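Structure assessment
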Amino acid sequence: MILKKKMLKMKLKTDNPIPVKTRLKELMGDWLFISGYLIALFLLAIGFYNLVLGGIPAFTEAQSQLLAFSTSVLPLSIIFAWLDYRKGSFGKRWAGLQLVYKHWSLAHSLLRSAIKFFPWQLGHMGAIRSAYQADALSIFLSTSAGILFLIFLLMGLLHKDKRHPADLLAGTQVQLKNSKRGWDKSPSLSIVFGLSSKTQWLSGLYYADFISFYSPTQLCGGGTTKSNSKELPISVPLSFDLL
């Protein structure tokens with residue numbers, strides 16, 4: 001534990017030369033993890049609604065906002081904070097990266113994770129708001145989410161020290177490990193995952209992250225109002241969050 005703490009409290013680098021394809025490989029791994037969680041959550045919700053409640057209940061906007069936050073953003077923020085505090089997220093370990101702390105503590109990991117997932121939460125709020133009433137607030141929330149996402153993305157990939165706002169505020173930095181795993185040395189894997197993830201990242205389709213699942217009635221043209229909405233406030237991240 002002492003050795004691990006010393007490793008995680010390594011000096012933060014001013015020049016942090018992480019290859020773009022390595023960072024994209026990390027993001028691909030974390031995206032797959034998040035997607036798996038959300039798909040499992042969606043299936044559990046559908047099963048519960050149909051088997052226990054006999055159908056999808058009507059949600060108010062406030063209920064949808066609370067449900068989306070408490071079942072997706074909040075638990076994933078905590079999960080990633082714990083993973084990064086221990087051995088690193090799935091994507092980091094897969095890509096041969098590690099999170100280095102200026103002050104190694106769970107509190108700093110939680111702070112980083114909360115800031116990192118904040119754009120996603122704004123996107124959820126904007127998407128759910130627009131499902132009930134497409135107004136200036138929903139546009140503002142969605143636009144703010146997209147702008148913040150681009151800031152995180154560009155700083156994490158192109159900035160000299162590869163630190164985005166969450167790293168700057170939490171005193172952390174993603175760095176290359178001294179020794180990489182066997183699969184990180186495979187040129188074919190790096191090329192495949194680097195190119196496929198880069199194509200999706202640079203497309204800028206951040207709003208695809210906020211696709212919501214609707215009941216069959218709504219998909220066939222049924223209206224959505226505050227009183228009769230049956231939106232399932234669960235989203236699938238089709239773009240990546242900069243982890």
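Look a little higher up for the structure.
The following paragraphs examine the structure supplied in this document. Bear in mind the structure is a predicted one, so any value in this text is a computation, not a measurement.

Definitions and limits used
- Residues numbered from 1 in each chain as written.
- Predicted model: local features only at pLDDT ≥ 70, side-chain atom pairs only at ≥ 80, totals over all residues.
- Heavy atoms only, no water.
- Buried < 20%, exposed > 50% of the residue type's maximum accessible area, 1.4 Å probe, protein only.
- Helix = DSSP H or I, 4+ residues; strand = E, 2+ residues; numbered from the N terminus.
- Pairing = 2+ DSSP bridges.

**Section: the pairing of strand β2 (residues 172–176)**
- Of all 5 residues in β2, 4 are buried; the element is thus mostly enclosed.
- In this sheet, β2 lies alongside strand β1 (residues 97–101) in antiparallel orientation, the contact comprising 5 bridges. Note on β2: the bridge partner recorded for Leu 97 is Leu 176.

**Describing the pairing of β1**
- For β1, the buried fraction is high: 5 of the 5 residues fall into the buried class.
- Side chains Leu 97, Leu 99 and Tyr 101 project from β1 onto one buried face, and the interleaved Gln 98 and Val 100 project onto a second face that is buried too.

**Remarks on the environment of Pro 119**
- Summarising the element assignment, Pro 119 is placed in helix α5 (residues 106–132).
- Put simply, Pro 119 and Gly 146 are 27 residues apart on the chain and 7.4 Å apart in space, counted from C-alpha to C-alpha.

**Some thoughts on the environment of Asp 167**
- Positionally, Asp 167 belongs in helix α7 (residues 165–170).
- Take Asp 167: its relative accessible area is 0%, and that puts it in the buried class.
- Taking the C-alpha atoms as reference, Asp 167 lies 9.3 Å from Ser 113; in sequence the two are 54 residues apart.

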